Amino acid sequence: MSAKNLDNHNRWRSKTVAFRMSPKEADMLDEFVKLSGLTKQDYLIDRVLQREVIVQGNPRVYKALRNELTSLCDELKRITEAGQVSDDFLNVTNMALTILSCMKEESL
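Being a predicted model, the structure only gives us computed values, none of them experimental. Numbering of residues starts from 1 in each chain and follows the order in which that chain's sequence is written. Local features in this predicted model are restricted to residues whose pLDDT is 70 or higher, and side-chain atom pairs enter the listing and the counts only when it is 80 or higher, whereas totals over whole chains, interfaces and linings include all residues. Each side-chain value is worked out from all heavy atoms of the structure, with water and hydrogens disregarded.

Note that an α-helix has 3.6 residues per turn; residues three or four places apart therefore point the same way. Only runs of H or I of at least four residues qualify as helices and only runs of E of at least two qualify as strands under DSSP, and these elements are numbered from the N terminus. To estimate how far a helix should reach, multiply one less than its number of residues by 1.5 Å. For helix α1 (residues 23–36), spanning 14 residues, the distance from its first C-alpha to its last is 20 Å, which sits close to the expected 20 Å at 1.5 Å a residue. Looking only at α1, the buried set comprises M28, L29, F32, V33, L35 and S36. Projected onto a plane normal to the axis of α1, the buried residues spread over an arc of 165° and lie on a single side. Residues of α1 that are exposed and angled more than 90 degrees away from the buried face: P23 and K24. Of the residues one or two after α1, G37 is the one with positive phi, at around 80°. Per-residue accessibility, obtained with a 1.4 Å probe over protein chains only, is compared with the maximum for each type, and a residue is labelled buried under 20%, exposed over 50%, and partly exposed between these values. The arc in question is the one spanned by the directions pointing from the helix axis to the C-beta atoms.

Given below as structure tokens:
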């Protein structure tokens, strides 16, 4: 059993919540978590409680965003017809563009 942890608000996190995902869903979740810069636990808690996920810019987020945008560009080059675009690809692209947009607004 893991040790009990206090969160940022000095609350004990003693409850465990678990669920199953397909490998594809898990990969998509991992991408969203990497792009957010949060831990997977904090990301899932914020999403489940319908709180806004606030991305804190740091070198790890920058690297994840750069890598994701590189793979998105490669995918766009591969696509020859609009009908070949998957929903997963569009979801990850939308999240990356949202993060970039917010980063641009903050730098102004």
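Read on for the rest.
The subject of this paragraph is a nonpolar patch on the surface. A cluster of nonpolar side chains, contributed by V17, F19 and M21, occupies part of the molecular surface with about 330 Å² of accessible area. Looking at the secondary structure, you find F19 in the loop between β2 (12–13) and α1. Patch definition: residues above 30% relative accessible area lacking any salt bridge, with like charges linked at up to 9 Å and the nonpolar side chains Val, Leu, Ile, Met, Phe, Trp and Tyr linked at up to 5 Å. Areas reported as accessible are Shrake-Rupley estimates using a 1.4 Å probe. Residue values count occlusion only from the protein chains shown. Just to be clear on terms, a salt bridge is a Lys or Arg side-chain nitrogen sitting within 4 Å of an Asp or Glu carboxyl oxygen.

Within the structure shown, the criterion is met by 5 salt bridges. A salt bridge links D88 to K24; the shortest N-O distance between them is 3.4 Å. Here K24 lies in helix α1 and D88 lies in helix α4 (residues 87–107), a separation of 64 residues in the sequence. Note on D88: relative accessible area 26%, which makes it partly exposed. The closest approach of N and O atoms between E31 and K34, which form a salt bridge, is 3.2 Å. Residue E31 and its partner K34 are both found in helix α1; the two are separated by 3 residues, about one turn of the helix. What makes E31 partly exposed here is its relative accessible area of 21%. K34 gets classed as partly exposed once you look at its relative accessible area, which sits at 45%.

The next thing to look at is the nonpolar core. Buried Ala, Val, Leu, Ile, Met, Phe, Trp, Tyr and Cys residues that are joined via side-chain atoms within 4.5 Å together make up what is termed a nonpolar core. Counting 17 residues, the largest nonpolar core has F32, L35, Y43 and M95 as its most contacted members. Counting residues per element, the ones that place at least two in this core are α1, α3 (59–78) and α4. In what follows, residue pairs with any heavy atoms lying within 4.5 Å of each other are defined as contacts. In this view, L35 contacts V55, V61, A64, L65, E68, M95 and I99; residues no more than four positions away in its chain are not counted.

Further remarks concern the environment of F32. In this structure, F32 sits in helix α1. Take F32: its relative accessible area is 16%, and that puts it in the buried class. Each C-alpha atom of the pair F32 and A64 lies 9.8 Å from the other, and the pair is 32 residues apart in sequence. If we skip the residues at most four places from it in the chain, F32 touches Y43, N91, V92 and M95.

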